[in-house]
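# Structural overview
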Amino acid sequence: MTQSPPGPADAFYPRPIELRDLHRGVVQVRDVGEGVEVVVIPDGDKLYVLREACPHMGGPLSQATYCRKDGTLECPWHGYLFDVATGALRDNPNERIMASLREPTECFRPERAPRYALTLLAYTVIGDRAYVSRTRGRE
Amino acid sequence: MKYRFALEYEIDTPLAIAVAVYLDAEHYVFLHKKYSDTYEVLWHDLAARKIFIRETWSLLGFRLGQTCMTEYIPPAELRNYDIKPHPWWIPSIHHVMQTTTRLVYTEIPERNSTLSTLEMELDMPFWLYPFRRWIRKAIERLKIEKDQQDIDMIERRARLFGRENNSIYLADHQFILHKQDYLRHFGPNSKRLTPAD
């Protein structure tokens, strides 16, 4: 029997994620169709699906390091550390590494840093497939 | 005995991006962690655009590295010198060889790309001189590998945000080395100056 996503057909990307093919605790990338790749991290009974670009500079999150213990994802470009459950930036280690050089100046105002957050994608699981929504947020 | 050589190639990115990527020190120990995974500022004189740093890496369970003076000469020249091994007692070629590097980025206007020229001067004892070409190849290989990581980053950012988009490096909150100088030369109100100016 063919499984199809619920609701309007255009609410989801056309290609579902095959859950059986996923490896627990490992950062994986999946093509969900229309040239869109998403990062998928299955961990226990949770599944995180997120945009493949770091919100800081667009780093390839498919190459990010996932820490199961802390539930964090480290961008390979600048080491920004994100909470995969909420998407929120948890740490910028460069604030410590470059501490002595990061004195605020007229052209460097760290207090104006945006609240960087991963783009978490909503999805709906039907059978062994997860259909990724075009909207943000988890279901 | 002095041995000089240069490594030159074109990077398919505007000059403003090439310089920004070099000054974006926050990526050094993450994107290039294969080569060094710690970066410490030991001393700096930002008015003189000089930063004395220590970089280390792990080899066979030991942590070793080097200290180095880095200097930025706006708009697009970067120098490294006074390279010493760390800790001081480890066997290292830097005990017997003085290394000075001068990296200059030059705009190629017809393609809006950048010529990268690395000039190296190795001051070595006579007994090391016969190995100079082997040392040169090792240095060139390292430089090309690290540059390729930067080029991959540049190309991905160009696909995502546009080839000439350096807005993140100009943003108030974003830290890059010598930002005031960078803005003066590559910011929205910049006037391109030569070092002589």
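None of these values were measured; they are calculated from a predicted model.

Scanning chain A for helices and strands turns up 1 helix and 10 strands. In sequence order, the secondary structure elements of chain A are arranged as β-β-β-β-β-β-β-β-α-β-β. If one aligns the C-alpha atoms of chain A with their principal axes, the spans along those axes are about 60 × 30 × 20 Å. The proportion of buried residues among the 139 residues of chain A is 46%.

For chain B, the count of helices and strands is 5 helices and 7 strands. Sequence-ordered secondary structure for chain B, helices as α and strands as β, is β-α-α-β-β-β-β-β-β-α-α-α. Relative to the 2.2 N^0.38 estimate, which gives 16 Å for 197 residues, the radius of gyration of chain B is 17 Å and therefore close to what a compact globule would have. Dimensions of chain B, computed from C-alpha atoms along their principal axes, come out at roughly 50 × 35 × 30 Å. At a minimum sequence separation of 6, the contacts of chain B that also span at least 24 residues come to 53%. As displayed, chain B offers around 10400 Å² of accessible surface, 56% of which is attributable to carbon and sulfur atoms. Counting 27 positive and 27 negative side-chain charges, chain B places the centres of these two groups 3 Å from one another.

Here we take up the interface of chain A and chain B. A common way to state how big an interface is: give the accessible area lost once the parts meet. Of the residues lining the interface, 30 residues belong to chain A; the matching set on chain B comes to 29 residues. When the two sides are added together, the surface that chain A and chain B hide from each other amounts to roughly 2500 Å², 62% of it contributed by carbon and sulfur. Our enumeration of links across chain A and chain B arrives at 3 salt bridges. Looking at side-chain class alone, the side of chain A that touches chain B contains 16 nonpolar, 9 polar and 5 charged residues.

Glancing now at the pairing of strand S5 (residues 77–86) of chain B. All names here are of chain B. Sheet topology note: the strand S4 (residues 62–73)/S5 ladder contains 8 bridges and is antiparallel. Within S5, the position partnered with Gln-66 by the bridge is Pro-85. In textbook terms, the turn of a hairpin is the stretch between consecutive antiparallel strands, and for S4 and S5 this stretch comprises 3 residues. The pairing of S5 with strand S6 (residues 98–108) spans 4 bridges and is antiparallel. Across the sheet, residue Leu-78 finds its bridge partner in S6, namely Leu-103.

Attention now moves to the confidence of the model for chain B. For chain B, per-residue confidence averages 94 on the pLDDT scale, and 96% of positions sit at 70 or higher. Per-residue pLDDT stays below 50 along residues 193–197 of chain B; that stretch engages in 5 contacts with residues further than four places along the chain or on separate chains.

On to helix H5 (residues 179–186) of chain B. Side chains of residues three or four places apart in an α-helix project in the same direction, reflecting 3.6 residues per turn. Residue and element names in this part refer to chain B. The complete set of buried residues in H5 reads Lys-179, Asp-181, Tyr-182, His-185 and Phe-186. Down the axis, H5 shows its buried residues gathered within 160° of arc, on one side only. On its buried face, H5 sits against helix H1 (15–23), S4 and helix H4 (167–170).

Right, let's get into the pattern of salt bridges. All names here are of chain B. Under the counting rule described, the total for this entry stands at 24 salt bridges over all chains. With a shortest N-O distance of 2.9 Å, Asp-181 and Arg-49 are connected by a salt bridge. On the criterion of sequence distance, the pair formed by Asp-181 in helix H5 and Arg-49 in the loop between strand S2 (38–45) and strand S3 (50–59) is long-range, its members being 132 residues apart. Accessibility expressed as a relative area gives 8% for Asp-181, which makes it buried. With a relative accessible area of 25%, Arg-49 lands in the partly exposed category. Note that Glu-140 is salt-bridged to Arg-136, the shortest N-O span being 3.0 Å. In this pair, Glu-140 and Arg-136 are both assigned in helix H3 (residues 132–161), 4 residues apart and thus about one turn of the helix distant. Arg-136 gets classed as partly exposed once you look at its relative accessible area, which sits at 27%. Salt bridges sharing partners connect three or more residues here, namely Glu-77, Arg-79, Arg-102 and Glu-119.

A few words now on unusual backbone geometry. All names here are of chain B. That bond from Pro-74 to Pro-75 is cis: its omega, 5°, falls within 30 degrees of zero. Summarising the element assignment, Pro-75 is placed in the loop between S4 and S5. Of note, the amide linkage connecting His-86 to Pro-87 takes the cis form, showing an omega dihedral of -10°. Structurally, Pro-87 can be placed in the loop between S5 and S6. The residue Asn-112 is not glycine, and still its phi comes out positive at about 50°. Mapped onto the secondary structure, Asn-112 falls in the loop between S6 and strand S7 (113–123).

Evaluated as defined, the whole model comprises 7 aromatic pairs over all chains. Here Phe-12 of chain A and Tyr-131 of chain A contribute two aromatic rings whose centre-to-centre distance is 6.5 Å and whose plane-to-plane angle is 80°, an arrangement assigned as edge-to-face. Pair noted here: Phe-12 of chain A is in the segment before strand S1 (17–18) and Tyr-131 of chain A is in strand S10 (residues 129–136), with a separation of 119 residues, a long-range link. Across this residue pair, the class does not change: Phe-12 of chain A and Tyr-131 of chain A are buried. With centroids separated by 5.6 Å and ring planes inclined at 65°, the aromatic side chains of Phe-108 of chain A and Phe-175 of chain B adopt a geometry described as edge-to-face. Of this pair, Phe-108 of chain A sits in the loop between helix H1 (94–97) and strand S9 (121–126) while Phe-175 of chain B sits in the loop between H4 and H5, on two different chains. What makes Phe-175 of chain B buried here is its relative accessible area of 4%. Put simply, the rings of Tyr-3, Phe-5 and Tyr-129 of chain B pair up and form one aromatic cluster. In this structure, Arg-132 of chain B packs its charged tip against the face of Tyr-3 of chain B, placed 5.9 Å from the ring centre.

Definitions and limits used
- Residues numbered from 1 in each chain as written.
- Chains lettered and ligands numbered in written order.
- Predicted model: local features only at pLDDT ≥ 70, side-chain atom pairs only at ≥ 80, totals over all residues.
- Heavy atoms only, no water.
- Helix = DSSP H or I, 4+ residues; strand = E, 2+ residues; numbered from the N terminus.
- Buried < 20%, exposed > 50% of the residue type's maximum accessible area, 1.4 Å probe, protein only.
- Rg over C-alpha atoms; globule rule 2.2 N^0.38 Å.
- Contact = heavy atoms within 4.5 Å.
- Areas by Shrake-Rupley, 256 points an atom, 1.4 Å probe, with all protein chains shown as cover.
- Lys, Arg positive; Asp, Glu negative; His and termini not counted.
- Charge placed at Lys NZ, Arg CZ, Asp CG, Glu CD.
- Buried area = accessible area lost by both parts, 1.4 Å probe.
- Salt bridge = Lys/Arg side-chain N within 4 Å of Asp/Glu carboxyl O.
- Nonpolar A, V, L, I, M, F, W, Y, C, P; charged D, E, K, R; others polar.
- Pairing = 2+ DSSP bridges.
- pLDDT = per-residue confidence, 0-100.
- Arc of directions from axis to C-beta.
- Phe/Tyr/Trp six-rings, centres within 6.5 Å; stacked < 30°, edge-to-face > 60°.
- Lys NZ or Arg CZ within 6 Å of the ring centre and 35° of its normal.

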